[in-house]
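# Coordinate analysis (summary)
For reference, the chains in residue letters:
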Amino acid sequence: MRSRRSVLAVPGSSPRFLEKAQTLPVDEVFLDLEDSVAPLAKEEARGNIVTALREGDWTGKTRVVRVNDLTTQWTYRDVIEVVEGAGAYLDCVMLPKVQDPTEVVWLDTLLTQIEKTMGYEPGRIGIEAQIENARGLVNVDAIAGSSRRLETLVFGPADFMASVGMRTLVVGEQPPGYEGDAYHYILMRLLMAARTHDLQVIDGPYLQIKDVEGFRRVARRSAALGFDGKWVLHPSQVEAANEVFSPAQEDYDHAELILEAYEYYTTVEKRGAVMLGDEMIDEASRKMALVVAAKGRAAGL
Ligand code: GLV
Ligand code: MG
């Protein structure tokens, strides 16, 4: 499983940002052809991305390209040019504004054809699906189960809030006038669909890039629910994302202790529920500990 605590958005139209991105300690980069690239710059951006993937040093990072959504005229050429040009240097394709499962199936089929033509390893390139409108959320279960290539669902809060008409202009923050948490249902819906199909689930951008405390607060919300990571738009957000989506050292150490103790008691003493200090642990505790331990190991704790 790939670590995706921090997912850096990089406009494909900017050779400077494509260069800079290579130096940042993020788990994933996605080189963008969609909303951060102006319509007149799309074609040139494809070329920039192919060059950056082939010639750049992306060691240690998951390499993703976000293509344009299927209501545009650009999607098929985005996929063909980027994957034919740099498929061997690419881990996933991100499809934005996914509204129903047929869109993912379309991308899966196209990737299979390109892999055959180019002699790439079959099925190696994964898919990330962005859920960012009402239809996408209503169909999210079917979308999550639509392709073996799918690795993660990604929440797109900016497009989503626009799509449902939510009265907020500050993405990630609560809309004024509503007492509860306007994001709770959406995040939980994504989380359930993703976990039903063994996918990861990633929170989208926080656009107030100067407000790192705001970023942390919003990131903690999705991290607490179980999300695997969050987009970052600026170097200032990178460290915060890596920290918020890694378990605390103390929790990690405790998880490893539970695993070790439980292994001993169940195998040597053949007991199922035992006391570890003041805490009762059983098979369910082992599963919870496994989740924290896996995240901690991936984070190098
Ligand atoms: C990201 O694509 C968003 O719309 O928030
Ligand atoms: Mg979007």
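Numbers given for residues are sequential positions, taken from 1 along each chain in its written order. Here chains are named by letter from A upward and ligands by number from 1 upward, in the order in which they appear as written. Only residues with pLDDT of at least 70 are given local features in this predicted model, and only at 80 or more are side-chain atom pairs given and counted; all residues enter the totals for whole chains, interfaces and linings.

### Notes on helix 12 (residues 283-298)
Basically, it comes down to this: In this text, helices come from DSSP runs of H or I with a minimum length of four residues, and strands from runs of E with a minimum of two, each type numbered from the N-terminal end. A helix is expected to span 1.5 Å multiplied by its residue count minus one. Exposure classification rests on a simple neighbour count of other C-beta atoms within 10 Å of a residue's own: a residue reaching 20 or more is buried, one at 12 or fewer is exposed, and one in between is partly exposed. C-beta atoms are placed from the backbone. To obtain the arc, one takes the directions from the helix axis to the C-beta atoms. Contact between residues is assigned whenever the C-beta positions, reconstructed from backbone atoms, fall within 7 Å.
Over its 16 residues, helix 12 extends 23 Å from the first C-alpha to the last, a length consistent with the 22 Å expected when each residue adds 1.5 Å. All of the buried residues in helix 12 are A289, V292, A293 and K295. All buried residues of helix 12 lie within an arc of 165 degrees about the axis, which places them on one face of the element. Across from the buried face of helix 12, at angles greater than 90 degrees, the exposed residues are E283, A284, K287 and V291. Elements that come into contact with the buried residues of helix 12 comprise helix 11 (249-267).

### Re the nonpolar core
The criterion, for reference: To count as a nonpolar core, a set of buried Ala, Val, Leu, Ile, Met, Phe, Trp, Tyr and Cys residues must be joined through C-beta atoms within 7 Å.
Counting residues in hydrophobic clusters, the biggest one holds 65 residues, and the most contacted among them are V65, V93, A129 and L153. Tallying contributions element by element places helix 2 (residues 42-55) first for this core, with five residues. When neighbours within four sequence positions are excluded, A129 is seen to be in contact with L95, V98, V104, I143, L150, L153 and V154. With seven residues, the next largest nonpolar core counts A255, Y262, A289 and A293 among its residues.

### A look at the UniProt feature "binding site: Mg(2+)" (unreviewed entry) in the protein chain
Just so we agree on the cut-off: UniProt positions are given in the numbering used here, feature names are shortened, and annotations may be inferred rather than shown by experiment.
UniProt's entry tags E132 and D159 with the feature "binding site: Mg(2+)" (unreviewed entry), counted in the numbering of this structure. Taken along the chain, the residues just named run across 28 residues; in space they keep tight, none of their C-alpha pairs more than 5.4 Å apart. Secondary-structure assignment places D159 in helix 7 (residues 157-164). With residues near it in sequence (within four places) discarded, D159 still touches K97, E132 and N133.

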